[in-house]
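The lines below spell out each chain.
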Amino acid sequence: MARRVAIVGTGQTDHRSHRPDVNGREMIYEAVKRALDDCQLSIHDIDAIIIGNMDHFESINYVDTWSVEGSGAVMKPIMKVTTGGTTGASVAIAAYYHVASGFFDKVLAIGWEKNSESDTTAAIITCSDPVWDRAFYSGAIPSLATEASAYMKQYGATQEDAARVAVRDRTNALSNPHAHLRKPITIEDVMASPMLAYPIKLLDVCPRTDGAAAVVFAADGVAQKIAPKPAWIRACAARHTYSWFGDVDYNAGLLSLQRASKEAYQRAGIREPADEIDVAELYLPYSYAGLKWIEDLGFCGPGEGPGFIRDGHTDMGGKIPVNPSGGVISTNCIGATALLRVAEAAMQVMGKAGQRQVPDVEVALATGFGGCFWSDVLILGKARP
Amino acid sequence: MTVNLNQVESLTLQGQIAVPYTWWVGRVGSRFLIALRDEAKIIGNRCNRCNTVYVPPRGNCGSCFEDIDQFVEVSNEGVVSAYTVVRFKYPLQPVDTPFAYALIHLDGADVSLAHIIKADLDKLKNGVRVRALFKERSERTGHILDIDSFQII
Ligand SMILES: [Zn+2]
């Protein structure tokens, strides 16, 4: 039987397009120090560390060993977890497993990336099969453009509908001092931005960011002594589906997110997600995901995403605020991105989200997205499960 | 239909990954490289908690997990603490063979600096004293090889 586990502390850097003042190791150290300060622990209290990024973004293969000075893993167990865009959620889930297993009481999860150090697309395409997919459909844009086009055709969604999602997230980022892009934009700005690949325009997609995040997980009995109001892990689930871009059914919705969220809801006893979840930090790498994937998460029915957004249900003060932090469209330090979703969700549950706090959060949802349409889902709650 | 693999030519796909990288050295490491470039000096930094002097300097002490802010100049001389003479050729080697990869324990430092020795390889042994040979000022770019090599004294 798994032990109950809670998040007791979070830390993140001030995310920027470039961090010339620190190398990767020193940037990791900043996030770890902030997470330890947040829960008033010393590195010596930490029993094990899980770290993740994407190797090709910095050309550093053994981040688990290379980073120990910054991660605090000197003479501790440390493990690297790399699952593409989902990496940050996967390190969180792996840290959860470590504590839930009973082998470790306090585990630190770290995600980071220095996207300014490489050619992001050249690095990303190494995720896909070199013989079949790499030359034609790899990188972030082609498959997402296909998904967006299919969705628009199926339900009559418009580019303006998607732009509304980008504007929401970028507006929310104004309340997050850590966010990378903190300049307000309008629907007109999104529509006027350069077309990358129909229907995706420059302001529909996430930036490239340098940043790191760290989250401390602790076991039942230990957690309550560290944090008066820890964020309990109610459920987590991961679904990694295809490795061929041509195998994806682009008309069926994001299958991995449908399946992962269904499992997580069942474990957490959630029947009506939009009513029972108070805030969601979703890995939405581009605006169209904010229309379609909330349907896959069951916030609304198929094709109802644009109306759900237009009616303000996902705005601050709405039925289920999405991405109070500004989300991925405002900050994307890839290996840290999904862990930031978990950290931000935990901060909401713990009442530590400052200016971007949603009032009275009992249940928060965090997701990760990556690779070839993969999804990770975590549900956090104020009540001990 | 079953495929008899003996009758199928096994094809390969030739490829090369060309991803350019620009690694930020960071403010602490940059200070070290700038001292090499501009002053032909080697600096380290000292952890105030455990007193370890690190060369090259770094942002925090891995053991104490505390910031390090005290820079110290160490000597351009020290002793060889380990070495191996390299005879095989390989494109990523910094210079032509033969040369030695060596760890240099500089006077005033508590850890060794990894570098190369190019001359008098027959005189190499652990404990032998060496001195940093800097490139000419005009050739120094803020790189660890602004120290051309270490020379046996
Ligand atoms: Zn120290």
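Now for a look at the structure at hand. Every value quoted in this text rests on a predicted model; they were computed, and no experiment measured them. (Residues numbered from 1 in each chain as written. Chains lettered and ligands numbered in written order. Predicted model: local features only at pLDDT ≥ 70, side-chain atom pairs only at ≥ 80, totals over all residues. Heavy atoms only, no water.)

## Describing the overall build of chain B
Item 1. Helix and strand counts for chain B come out as one helix and ten strands.
Item 2. In chain B, the succession of α and β elements from N to C terminus is α-β-β-β-β-β-β-β-β-β-β.
Item 3. Computed over C-alpha atoms, the radius of gyration of chain B comes to 21 Å, more than 25% over the 15 Å expected from 2.2 N^0.38 for 153 residues, which places it beyond the range of a compact globule.
Item 4. Taking the principal axes of its C-alpha atoms as reference, chain B extends roughly 75 × 40 × 35 Å.
Item 5. Taking all 153 residues of chain B together, 37% fall into the buried category.
Item 6. Summarising the internal contacts of chain B: among those between residues at least 6 apart in sequence, 51% fall at separations of at least 24.
Item 7. Of the roughly 9,400 Å² that chain B leaves accessible, carbon and sulfur atoms contribute 50%. (Helix = DSSP H or I, 4+ residues; strand = E, 2+ residues; numbered from the N terminus. Rg over C-alpha atoms; globule rule 2.2 N^0.38 Å. Buried < 20%, exposed > 50% of the residue type's maximum accessible area, 1.4 Å probe, protein only. Contact = heavy atoms within 4.5 Å. Areas by Shrake-Rupley, 256 points an atom, 1.4 Å probe, with all protein chains shown as cover.)

## Some remarks on the sheet that holds strand β11 (residues 374–381) of chain A
Residue and element names in this part refer to chain A.
Item 1. Taking strand neighbours across the sheet as the criterion, the nine strands line up as β3-β2-β4-β7-β1-β8-β11-β10-β9 in an open arrangement whose pairing is mixed. Across the chains shown, the open sheet's two edge strands, defined by having one partner strand only, are β3 (78–80) and β9 (279–281). Direction aside, the axes of adjacent strands within the sheet are offset by 25 degrees on average.
Item 2. Sheet contacts for helix α16 (residues 334–350): β1 (5–12), β2 (48–52), β4 (106–114), β7 (210–219), β8 (231–239), β9, β10 (363–370) and β11; angle to β1, the most-contacted strand, approximately 115 degrees. (Pairing = 2+ DSSP bridges. Axes fitted to C-alpha atoms, helices over the stretch in contact; angles between N-to-C directions.)

## Description of the nonpolar core
Residue and element names in this part refer to chain A.
Item 1. Ranked by internal contacts, the top residues of the largest apolar core, which has 126 residues, are Phe217, Phe299 and Leu365.
Item 2. Counting residues per element, this core draws most heavily on α16, at eleven residues.
Item 3. Here leucine 365 is in contact with Tyr265, Ile277, Val279, Ala280, Glu281, Leu282, Leu297, Phe299, Ala345, Val377, Leu378 and Ile379, once residues within four sequence places are set aside. (Core = buried A, V, L, I, M, F, W, Y, C linked by side-chain atoms within 4.5 Å.)

## Notes on the coordination of the zinc ion
All names here are of chain B.
Item 1. For the zinc ion, every protein donor is listed as Cys47 (SG), Cys50 (SG), Cys61 (SG) and Cys64 (SG), and the spread of their distances is 2.3 to 2.4 Å.
Item 2. One can describe the donor arrangement at the zinc ion as tetrahedral, given that its four donor atoms subtend angles of 105 to 114 degrees at the metal.
Item 3. In the primary sequence, the donor residues of the zinc ion line up as C-x2-C-x10-C-x2-C. One end of the pair, cysteine 50, is in the loop between β1 (42–46) and β2 (53–54); the other, cysteine 64, is in the loop between β3 (60–61) and β4 (66–67), and 14 residues separate them in sequence.
Item 4. Overall, the relative accessible area of 33% leaves cysteine 50 in the partly exposed class.
Item 5. For cysteine 64, a relative accessible area of 11% gives the class buried. (Donors = N, O, S within 2.8 Å, 3.2 Å for Na, K, Ca; no water. Tetrahedral: all angles 85-135°; square planar, octahedral: opposite > 155°, others 65-115°.)

## With respect to the sheet that holds β1 of chain B
Residue and element names in this part refer to chain B.
Item 1. With antiparallel pairing, three strands are arranged side by side in an open sheet as β2-β1-β5. Each edge of the sheet is formed by a strand with only one pairing partner; in this case those strands are β2 and β5 (70–74).
Item 2. Where helix α1 (residues 26–39) meets the sheet, it contacts β1 and β5, and its direction lies at approximately 150 degrees from that of β1.

## Describing the packing of aromatic side chains
Item 1. Per the stated rule, a full pass over the model turns up eleven aromatic pairs over all chains.
Item 2. Pairing tyrosine 96 of chain A with tyrosine 97 of chain A gives two aromatic rings, centres 5.9 Å apart and planes at 50 degrees, and the pair type is tilted.
Item 3. Put simply, the rings of Tyr250, Tyr283, Trp293, Phe369 and Phe373 of chain A touch in pairs and so form one group of aromatic residues.
Item 4. Its guanidinium or amino end placed over the ring of phenylalanine 71 of chain B, arginine 31 of chain B lies 4.0 Å from that ring's centre, counting from NZ or CZ. (Phe/Tyr/Trp six-rings, centres within 6.5 Å; stacked < 30°, edge-to-face > 60°. Lys NZ or Arg CZ within 6 Å of the ring centre and 35° of its normal.)

## Quick word on the environment of aspartate 315 of chain A
All names here are of chain A.
Item 1. Within the element layout of this structure, aspartate 315 appears in the loop between α14 (305–310) and α15 (327–330).
Item 2. Note on aspartate 315: relative accessible area 32%, which makes it partly exposed.
Item 3. Counting along the chain gives 276 residues from aspartate 315 to cysteine 39, while the straight-line C-alpha distance between them is 30 Å.
Item 4. If we skip the residues at most four places from it in the chain, aspartate 315 touches Arg168 and Pro321.

## Some remarks on the side chain of glutamine 348 of chain A
Residue and element names in this part refer to chain A.
Item 1. With respect to the helices and strands, glutamine 348 occurs in helix α16.
Item 2. Assessed through its relative accessible area of 1%, glutamine 348 is described here as buried.
Item 3. Those residues in contact with glutamine 348, other than ones at most four positions away along the chain, are Val279, Pro324, Ala353, Arg356, Gln357, Val358 and Val361.

## Points about the interface of chain B and chain A
Item 1. Taken together, the contacts link 21 residues of chain B with 34 residues of chain A.
Item 2. When the two sides are added together, the surface that chain B and chain A hide from each other amounts to roughly 2,100 Å², 57% of it contributed by carbon and sulfur.
Item 3. The largest share of the area that chain B buries against chain A comes from Tyr21, Trp24 and Phe65 of chain B, three residues that together contribute 37% of it.
Item 4. Summed over the shared surface of chain B and chain A, the number is eleven residue pairs in polar contact (both at pLDDT 80 or more).
Item 5. Listed by contribution, the elements that provide at least two residues to the side of chain B that touches chain A are α1 and β4 of chain B.
Item 6. Here the side of chain B that touches chain A gets three residues from one element, more than from any other, and that element is α1 of chain B.
Item 7. Of the residues in the side of chain B that touches chain A, the class split is eleven nonpolar, six polar and four charged. (Buried area = accessible area lost by both parts, 1.4 Å probe. Polar contact = N/O pair within 3.5 Å; in protein donor to acceptor, adjacent residues only side chain to side chain. Nonpolar A, V, L, I, M, F, W, Y, C, P; charged D, E, K, R; others polar.)

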